[in-house]
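Below, each chain spelled out in residue letters.
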Amino acid sequence: MPKQSSARSRDLALLENLWAKPVERYTLPNGLTVLLKRDTAAPVSSVQVWVKTGSIHEGAHLGAGLSHYLEHMLFKGTARRAGREISATVQAHGGYINAYTTFDRTVYYIDVPSSHTAVAIDLLADAALHSTLPADEVTKEKDVILREIDMCLDDPDQRLSQALFETAFRAHPYRQPIIGHRDVFAASTREDLLAYYRARYVPNNLVVVIAGDFDPAATRAAIAEHFGKAPRVRLAPVLVPDEPAQLSRRDMHLREDVQVSRAGLGWQIPGLTHPDAPALDLLAMVLGHGDSSLLWQAIREKARLVHTIDAMSWCPGTSGLFYVSYLADPDKRVAAEQAILREIVRITNIGISAKLLAKAVRQAVTSEIDARKTMSGQASRLGAGEVVVGDINYTRTYFARLSALTPAGLQQVMRTYLVSEKLTVVSSNPAGAATAPALRSLGEAGPSLDFSELTLPNGARLLLQPNQQLPNLHLRLAFGGGPMFEPTERRGLTSLMATLLTKDTAKRSAEEVAQAIEEVGGSFSDFSGNNSFGLMTEVLPGDAGLALELISDAVLRPAFKPVRLEVERESALASLKESLDDVVTVGRKKMREKFFGAHPFAIESGGDEAGLKAITAGDLRALHRRLLVSGNAVLAVAGDFDARKLVPKLKAFLAQLPKGGAAKATASLRVKAGDFTETQPRQQAIVFQAFPGPGLHAPDYEVSEVMDELFSGMSSHLFERVREQKSLAYFVRSSRLVGLDAGMFYFFAGTSPQRYGEVIAELNLEIARVQGGGVTAEELHRCQTRLKAGKRMGMQTNSARAMQAALNAVYCLPVNDWRTYDARIDAVTLAAAQAFARKYFQPARRVQLVVRP
């Protein structure tokens, strides 16, 4: 260790010699900052103008790329010079001119023989402060930049970089591309550009940096002559929001026309001035700089999972990213990601040796020296210190912190920042390649999605799915029920009863029930629909006892107090009235009435005004006695629980349910086809076309799912033609109302009162297209893919899984029917889609309703 410390001291002593060279810093009366560093090592000067504006400072034009646009335009002409004259003058004096734009600055520089330093000062001052932005050049340069944007869009590395920044940054303007979004940039005007130029290219927002073998007095005079005469201008501050702390992993995976996978793992880190910034830089060197770095050796050389891999710490402002990037074969990308994360955990646990730390310090010192080899490099270091950090002596502080680092300190930095909640993962993959480890096929390795099923002697069923991934517990008690079990004059009875079950009981008032669950941060509510109803509660695992107690009291000891009945009846009636404010809802209600006629589904499960007003406490108790019985009950429990402790309590509760069989009810559906019109005081017209559809138990139910997907969404043929091509409707899609044995498949669209006839014609054309076999294989595949992905997404939470399992059991479907879902959806063929349309979408069985002013 002493030898390593001694070597580190010698390395830093080399930098002390560089820091000892004087830098003159002063400010002109107009606010312009000047940095001069004389170096006689070579007869060269680098003259640079740093404008303290970049893509994050574009305000109302954020995303337009105006900073980059100006960079292109600044050498196109001034009041004194034509565009070509600027570059010709530089060339005539043996110089080199260039510029670049980044997030927080725009930099223009001319490197010239030091004897021509004043020429470079004159040219840059003229361009920075007196550009005219000729209209013809603005137009031509816009085309150039559009081609540049197209080049970026064609570059997979650029696309991946943009995906990273858009995903990792949610609030900070770093998420906007420096060059601008193509459409936003294309819409920008010369007036926009000129206004931005006049606002930001002012003396008090400029820093002039010169390094080289120049004459100090003559150089100061030239700066005063060319930069000093411009007046100070009011400079409005630009608000740049800080990036909020990232709380969980984020992913973005692209599928593109590429041959290999490019990927990166980025962790949110603080900005350059943070005390941990040097340690993060050093960590990047240890992990991913060079062929001897830890990740290169472990992931490339030993595991052979990647072709290249490196690491960097990028933190220019108040926040940044620690980024590991790699190139891999598509079939190895996910394995590479997992291996990298494991290796980082391993290194975090065992720490980094003092030898590797010393090596990284040496690399940092070498890099700093290399950056100062040229006059341009020296000027750049000064400009970065002044503009980015705000301190031209920052490198002293930086290396002081770096030299004080210990292996333990580096290990602590890894534990602080390289954690899963700060991680963003992006990748670019060949189309068809696996994109994310999280998108598993249903049933692949991971927490089991299966529910185990227990049937008690009284017929009640208990479904269990332990899952300790999250400290969360969901209980869902479901019963068969709904409109099919309600008297005709008591529609809404089931829904109102379910609501009242969550209120007063023999043990607690409604207020006490609410207080009990809210005190533990849980939830307790009811649900009801066309075919079922029930209760659900969600709590932390330690509150499982309270959750079960609340459900038990609600089911076994409901009070059905008359006062509470009136309160909830009024609420239900108010909700009913509120729904009538929406013309689509009004139309849907009218359509149900026309389509279902005397069938119970003619009225929504929430009931109607007459039915709700007629309900009595006696009605509630009668329905409770009929439906809340053992053979009609399914209790699904999903989440973090100890089955040995909780299951006996669950069984004890279910055993107390009154004995009774599963609820059964039938009703015949006789659809009276016809075309109807309903007038409403609204501005728009709504078109409905409804046809008989299959129920849950029908063999072609999965076909109906695919067909509903086919007609819905912005990528559907129906939407593309009606909305996008013909602009006939604001919205257009299909939907379903599903019972156990029958249902309704309907189309609806919002249009203008003058064009509803055209919409009807288009709906008929779309139905004819499908009946005629016009659906393509690509359309079918897209629908199947979306449905299967939707099933996965719909099973993410304990609540969702418990609901699906419980309702499957109530509807006499396999509890774990997710296992065969993909296969059933994939089994739907083009022929089946055509047959479905021909079977169900018959004009003689159609109910059409137009709601219009």
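Along every chain, residues carry numbers that run from 1 in the direction the sequence is written. Confidence filtering applies because this is a predicted model: local features only for residues at pLDDT of at least 70, side-chain atom pairs given and counted only at 80 or more, and all residues used for totals across whole chains, interfaces and linings. Excluded from the side-chain calculation are hydrogens and water; included are all heavy atoms of the structure.

Caption draft 1: Expanded view of the nonpolar core. Counting 53 residues, the largest nonpolar core has L282, I299, I309, F322, Y326, I340 and F399 as its most contacted members. Note on contacts: a residue pair qualifies if any of its non-hydrogen atoms lie within 4.5 Å across the two residues. Dropping the residues within four chain positions of it, L282 is found in contact with L357, A360, V361, A364, L402, L405 and L410. Here, the term nonpolar core denotes a set of buried Ala, Val, Leu, Ile, Met, Phe, Trp, Tyr and Cys residues that are joined through side-chain atoms within 4.5 Å. Burial classes: relative accessible area under 20% of the type maximum marks a residue as buried, over 50% as exposed, and values in between as partly exposed (1.4 Å probe, protein chains only). With 51 residues, the next largest nonpolar core counts I517, L573, L623 and L650 among its residues.

Caption draft 2: Just helix α24 (residues 643–655), in detail. Compared with the 18 Å implied by 1.5 Å per residue over 13 residues, the 17 Å span of α24 between its first and last C-alpha is a close match. The way it works is that DSSP assigns letters per residue, a run of H or I at least four long becomes a helix, a run of E at least two long becomes a strand, and they are numbered from the N terminus. Residues of α24 that are buried: L646, V647, L650, F653 and L654. Buried residues of α24, viewed axially, fall in a sector of 125°; they line one side. Exposed residues pointing more than 90 degrees away from the buried face of α24 are listed as R644, K645, K649 and A655. Contacts made by the buried residues of α24 are with β12 (452–455), β13 (461–466), β14 (473–480), α19 (544–556) and β17 (633–639). In this scheme, a helix's expected span is set at 1.5 Å multiplied by one less than its residue total. The arc in question is the one spanned by the directions pointing from the helix axis to the C-beta atoms.

Caption draft 3: Quick peek at the side chain of Q784. Note on placement: Q784 falls in helix α28 (residues 777–793). On the basis of relative accessibility, which here comes to 7%, the residue Q784 falls in the buried class. Whenever two N or O atoms come within 3.5 Å, that pair is a polar contact, provided that in protein one can donate a hydrogen and the other can accept it, and provided that, for residues adjacent in sequence, both atoms are side-chain atoms. Within the local environment of Q784, its side chain forms a polar contact with the backbone oxygen of V828, the two atoms lying 3.0 Å apart. Among all residues touching Q784, those that are not within four sequence positions of it are I825, D826 and V828.

Caption draft 4: Looking closely at the environment of S161. By the element assignment, S161 lies in helix α6 (residues 156–168). Under the relative-accessibility criterion, S161 is labelled partly exposed at 29%. Remark: the alpha-carbon pair of S161 and H781, spanning 620 residues in sequence, is separated by 30 Å.

Caption draft 5: Broad picture of unusual backbone geometry. Within the chain, L133 stands out as a residue other than glycine whose phi angle is a positive 50°. Position of L133 among the secondary structure elements: in the loop between α4 (117–130) and α5 (135–154). L133 gets classed as buried once you look at its relative accessible area, which sits at 0%. Despite not being glycine, C812 shows a phi value in the positive range, around 60°. Looking at where C812 falls in the secondary structure, it is placed in the loop between α29 (798–810) and α30 (821–826). Taking the relative accessible area as the measure of exposure, C812 reaches 65% and is therefore exposed.

Caption draft 6: View of the sheet that holds strand β18 (residues 674–679). Pairing between strands is defined by DSSP: at least two bridges between them are needed. Read across the sheet, five strands follow the order β18-β22-β19-β21-β20 without closing on themselves; strand pairing throughout is mixed. Across the chains shown, the open sheet's two edge strands, defined by having one partner strand only, are β18 and β20 (729–738). The sheet shows a mean angle of 15° between the axes of neighbouring strands, direction not considered. Pairing of strand β19 (residues 685–694) with strand β21 (residues 742–751) involves 10 bridges; the strand directions are antiparallel. The residue of β21 that forms the bridge with P694 is A742. With axes taken as lines fitted to C-alpha atoms, and helix axes fitted only over the stretch in contact, angles between N-to-C directions fall between 0 and 180 degrees. Sitting on the sheet, helix α21 (residues 583–596) touches β18, β19, β20, β21 and β22 (847–852), and the angle it makes with β19 is about 40°. Helix-sheet contacts for helix α26 (residues 717–725) involve β20 and β21, and the interaxial angle to β20 is about 150°.

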